[in-house]
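Topology and contacts: notes
Here are the chains, one letter per residue:
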Amino acid sequence: NAGVMQNPRHLVRRRGQEARLRCSPMKGHSHVYWYRQLPEEGLKFMVYLQKENIIDESGMPKERFSAEFPKEGPSILRIQQVVRGDSAAYFCASSRPGTTQETQYFGPGTRLLVL
Amino acid sequence: AQSVTQLGSHVSVSEGALVLLRCNYSSSVPPYLFWYVQYPNQGLQLLLKYTSAATLVKGINGFEAEFKKSETSFHLTKPSAHMSDAAEYFCAVSLNNNDMRFGAGTRLTVKP
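What comes next concerns the included structure. As the structure is a computational prediction, the values presented were derived from the model and not from experiment. The residue numbering used here restarts from 1 in each chain and proceeds along that chain's sequence as written. Labels are handed out in written order, letters beginning with A for the chains and numbers beginning with 1 for the ligands. Given that this is a predicted model, residues contribute local features only at a pLDDT of at least 70 and side-chain atom pairs are listed and counted only at 80 or more, while totals for whole chains, interfaces and linings are drawn from all residues. Hydrogens and water molecules were not included; the side-chain quantities draw on all heavy atoms of the structure.

**A closer look at the sheet that holds strand E1 (residues 5-7) of chain A**
Residues and elements named next belong to chain A. For two strands to be treated as a pair, DSSP must find no fewer than two bridges joining them. In DSSP terms, a helix is any run of H or I states spanning at least four residues, a strand is any run of E spanning at least two, and both are numbered starting from the N terminus. Ordered by their spatial adjacency, four strands build an open sheet running E1-E3-E8-E7, and the pairing between neighbours is antiparallel. Sheet topology places E1 and strand E7 (65-68) at the edges, where each strand pairs with a single neighbour. Taken over all neighbouring pairs, the strand axes of this sheet differ in orientation by 15 degrees on average, direction set aside. Here E1 runs beside strand E3 (residues 19-24); their pairing, made up of three bridges, is antiparallel. If you follow Met5 over to E3, its bridge partner there is Ser24. To define axes, lines are fitted to C-alpha atoms, for helices over the stretch in contact only, and angles between the resulting N-to-C directions are given on a 0 to 180 degree scale.

Take a look at the structure:
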């Protein structure tokens, strides 16, 4: 059973370009979470999605950032008009649906560098 | 809102010595608590989690953590450190399925 897949693993963008980060959850998982990790800091929650629905986006910056989890295909975190401050590691996690606390399994992350 | 505080951003131990990484939580209701480990340039791997079934939780790689409600703590321990334990360790708290809050992390160094 493959784990959470993220691609690309490394992404370099110039200021003003767009960054698209992809996340394929584990088989059987329908919940996806995105986190951002700045250098020397812990993970900060960004958004929680289920198939075709954004459940909680309270951690998402108000502008330039968006996320989706379509019925088919991976979840996408999109950053428009990137700035240097967007440079960070972005982690995706997935979990099974459930009524109790389900463990979140993390992908290897995408390291974004904005030049 | 819930939160965690990890005491000590860097901890250094000798190989074979006790490992103790501290985590204190703040929560208005009984929380779920987690410890994750992150090796360089990798994602987070779950070490163990507390879900109220037992206060002493055993995880992978010989780690364990004890939930102490009176001290609002969930410290991570391992009796004997191994060189391969060198990594970043994150404590996390959650009240429900989607709102997980992480500590700032503790970097563990193991000296030969």
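Once you've had a look at it, read on.
**Remarks on the pattern of salt bridges**
For this document, the term salt bridge refers to a Lys or Arg side-chain nitrogen within 4 Å of an Asp or Glu carboxyl oxygen. For the structure on display, the rule yields six salt bridges over all chains. With a shortest N-O distance of 2.7 Å, Asp86 of chain A and Arg64 of chain A are connected by a salt bridge. Of the two residues, Asp86 of chain A is situated in the loop between strand E8 (75-79) and strand E9 (88-95) and Arg64 of chain A in the loop between strand E6 (53-56) and E7; the sequence distance between them amounts to 22 residues. Partly exposed residues are those whose accessible area sits between 20% and 50% of the maximum for their type, while under 20% is buried and over 50% is exposed, using a 1.4 Å probe and protein chains only. Overall, Asp86 of chain A belongs to the buried group, its relative accessible area being 2%. For Arg64 of chain A, a relative accessible area of 25% gives the class partly exposed. A salt bridge links Asp85 of chain B to Lys78 of chain B, with the nearest nitrogen and oxygen atoms 2.9 Å apart. Across this residue pair, the class does not change: Asp85 of chain B and Lys78 of chain B are buried. Each of Glu18, Arg20 and Arg78 of chain A takes part in one network of salt bridges that share partners.

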